[in-house]
Amino acid sequence: GGEFYSGITNNGTMTIKNALINTEGYNNAITTGQNSKLDLLENITITSNYSRTIYANYGIINIYENITINNTYSSTTEAAGIEIYSATVNILNNVTIKTNNGKGIYMKGGTLNLGEKDYPVSKELPSITGSTYGIYKESGTFNFYDGIITGTENGAISGTVNDTPDVYSVVVSEDGKVAQLG
């Protein structure tokens, strides 16, 4: 609900490559609308100092290679690198998401595919880090296929993981702050 102000609003098909996106004073750097498709291809850094860096409202977002998503907002209330409402977000390859004050990824619904269900499994990338939680899932589908998830204060993952690669399971550190596949 409510109005969202974004640096970029995608309501169609958009491809971004070799870009530096830095927004100040907007709720989101990027917002996706219904039936939209956003491909973040390679060599992209997206930084927001407010609320959510990417608001995955609807549609499909594919995040591919050498992508960094930062959120430097100073409040933990709504801060997230990516907030997923009803979209499908596919995070692949060399991707880093970091939130200084809040959740790396906040799932209110939709689908998150972290990596691909293939082999070999990467235990280092994608890298998702939040100061409170790495991934905070209220609802939706979270498939954990590659990477490392860190929540420096409260824990790596809040909520359930729906799928992992065959013969792998989620391994959480003793203090609960780091999760990988093992």
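See the structure printed just above.
Residues numbered from 1 in each chain as written. Predicted model: local features only at pLDDT ≥ 70, side-chain atom pairs only at ≥ 80, totals over all residues. Heavy atoms only, no water.

Draft legend 1. View of unusual backbone geometry. In this chain, Tyr-119 is followed by Pro-120 through a cis amide linkage whose omega measures 0 degrees. Structurally, Pro-120 is set in the loop between strand S12 (111–114) and strand S13 (127–130). Put simply, Leu-125 and Pro-126 share a cis peptide bond, and its omega is -5 degrees. On the secondary structure map, Pro-126 appears in the loop between S12 and S13. Non-glycine residue Ser-51 carries a positive phi angle of around 55 degrees. Mapping Ser-51 onto the fold places it in the loop between strand S5 (37–48) and strand S6 (52–56). (Helix = DSSP H or I, 4+ residues; strand = E, 2+ residues; numbered from the N terminus.)

Draft legend 2. Focus on the packing of aromatic side chains. According to the stated counting rule, one finds six aromatic pairs in the structure shown. Plain terms: the ring middles of Tyr-106 and Tyr-136 are 5.6 Å apart, the flat faces sit at 70 degrees to each other, and that makes the pair edge-to-face. Residue Tyr-106 is found in strand S11 (residues 103–107), and its partner Tyr-136 is found in strand S14 (residues 133–137); the two are separated by 30 residues along the sequence. On the basis of relative accessible area, Tyr-136 is assigned to the partly exposed category, the value being 24%. Above the plane of the ring of Tyr-106 lies Lys-103, whose end atom (NZ or CZ) is 4.7 Å from the centre. When the ring centre of Tyr-136 is taken as reference, the NZ or CZ atom of Lys-103 above it lies at 5.3 Å. (Phe/Tyr/Trp six-rings, centres within 6.5 Å; stacked < 30°, edge-to-face > 60°. Buried < 20%, exposed > 50% of the residue type's maximum accessible area, 1.4 Å probe, protein only. Lys NZ or Arg CZ within 6 Å of the ring centre and 35° of its normal.)

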